[in-house]
Amino acid sequence: DAGVIQSPRHEVTEMGQEVTLRCKPISGHDYLFWYRQTMMRGLELLIYFNNNVPIDDSGMPEDRFSAKMPNASFSTLKIQPSEPRDSAVYFCASSLEQHQPQHFGDGTRLSIL
Amino acid sequence: GDSVTQMEGPVTLSEEAFLTINCTYTATGYPSLFWYVQYPGEGLQLLLKATKADDKGSNKGFEATYRKETTSFHLEKGSVQVSDSAVYFCALSERAAGNKLTFGGGTRVLVKP
């Protein structure tokens, strides 16, 4: 059983550029989550989806951040324009149903120069 | 709102030593409790969970007991190995908050041979 797959694993780009992070959840999982991890703020939930519908995006820091889930097997997190303070590790996670454990991908390490 | 507090690290131990990581929580309802582990360069993995008072979660020699009276979920292992070196996160999920996980700040554990 393949786990949650994220791409790319590493991304280095200059400020002002658009960044797109991708996630493929575990097949059959109804919930998908996007997190950001930094030394200063720890793990933060950005947004989560249930059956492809965004349920809570209160953690999205600014309008520069947007997330979509066009189908059950794919989600994107986009930052446009990117800024150096967006540098972090971004994790995607999925779970089978409410209150079941979340399964995390290996993350995308994003560096904005 | 919900919150999770865990002891700050790093915690440095010798191999075969006893490990305890304290975790306390604040929740308005009756949460499920989790411990996740993050190895270097990887995403978080579920280590163990407990869904009701007095439940004991266990896995890979680790144990934690859901203590409602003290709102705690301390993680313990009787004899650690070098391979247990990682960051450990305590987390809760409350039914009233959908399927969101609230994480503690993480505790880095370093086991020396």
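J.: What exactly am I supposed to notice about the overall build of chain A here?
T.: Helix and strand counts for chain A come out as zero helices and eleven strands. Starting at the N terminus and walking to the C terminus, you meet the elements of chain A as β-β-β-β-β-β-β-β-β-β-β. By the compact-globule yardstick of 13 Å for 113 residues, chain A fits well, its C-alpha radius of gyration being 13 Å. When the backbone C-alpha atoms are referred to their principal axes, chain A occupies close to 35 × 25 × 25 Å. With 113 residues in all, chain A has 48% of them scored as buried. At a minimum sequence separation of 6, the contacts of chain A that also span at least 24 residues come to 53%. For chain A, the exposed surface amounts to about 5700 Å²; the carbon and sulfur share of it is 48%. Treating the 10 positive side-chain charges of chain A as one cloud and the 14 negative ones as another, the clouds have centres 4 Å apart.

J.: Would you mind going over the environment of B:N22 with me for this structure?
T.: When you line up the elements, B:N22 lands in the loop between β3 (19-21) and β4 (23-26). Setting aside its immediate chain neighbours within four residues, B:N22 contacts B:T5, B:Q6, B:M7 and B:H74.

J.: Can you help me understand the state of the cysteines in this one?
T.: Disulfide: a covalent bond connecting the sulfur atoms of a pair of cysteines. Summed over the entire model, instances satisfying the criterion amount to two disulfides over all chains. The residue that forms a disulfide with A:C23 is A:C92, at a sulfur-sulfur distance of 1.9 Å. Here the S-S torsion is close to -70°, and the disulfide linking A:C23 with A:C92 is therefore left-handed. Highlighted residues: A:C23 in strand β3 (residues 19-24) and A:C92 in strand β9 (residues 88-95), separated in sequence by 69 residues. Here A:C23 matches A:C92 in class, with each residue buried. Each sulfur of the disulfide joining B:C23 and B:C90 lies 2.0 Å from the other. One quick way to see it: the torsion about the S-S bond of B:C23 and B:C90 is about -70°, and its sign makes the bridge left-handed. Here B:C23 is found in strand β4, whereas its partner B:C90 is found in strand β10 (residues 86-93), with 67 residues between them in sequence. With a relative accessible area of 1%, B:C90 lands in the buried category.

Rules of the game
Residues numbered from 1 in each chain as written. Chains lettered and ligands numbered in written order. Predicted model: local features only at pLDDT ≥ 70, side-chain atom pairs only at ≥ 80, totals over all residues. Heavy atoms only, no water. Helix = DSSP H or I, 4+ residues; strand = E, 2+ residues; numbered from the N terminus. Rg over C-alpha atoms; globule rule 2.2 N^0.38 Å. Buried < 20%, exposed > 50% of the residue type's maximum accessible area, 1.4 Å probe, protein only. Contact = heavy atoms within 4.5 Å. Areas by Shrake-Rupley, 256 points an atom, 1.4 Å probe, with all protein chains shown as cover. Lys, Arg positive; Asp, Glu negative; His and termini not counted. Charge placed at Lys NZ, Arg CZ, Asp CG, Glu CD. Disulfide = S-S within 2.5 Å.

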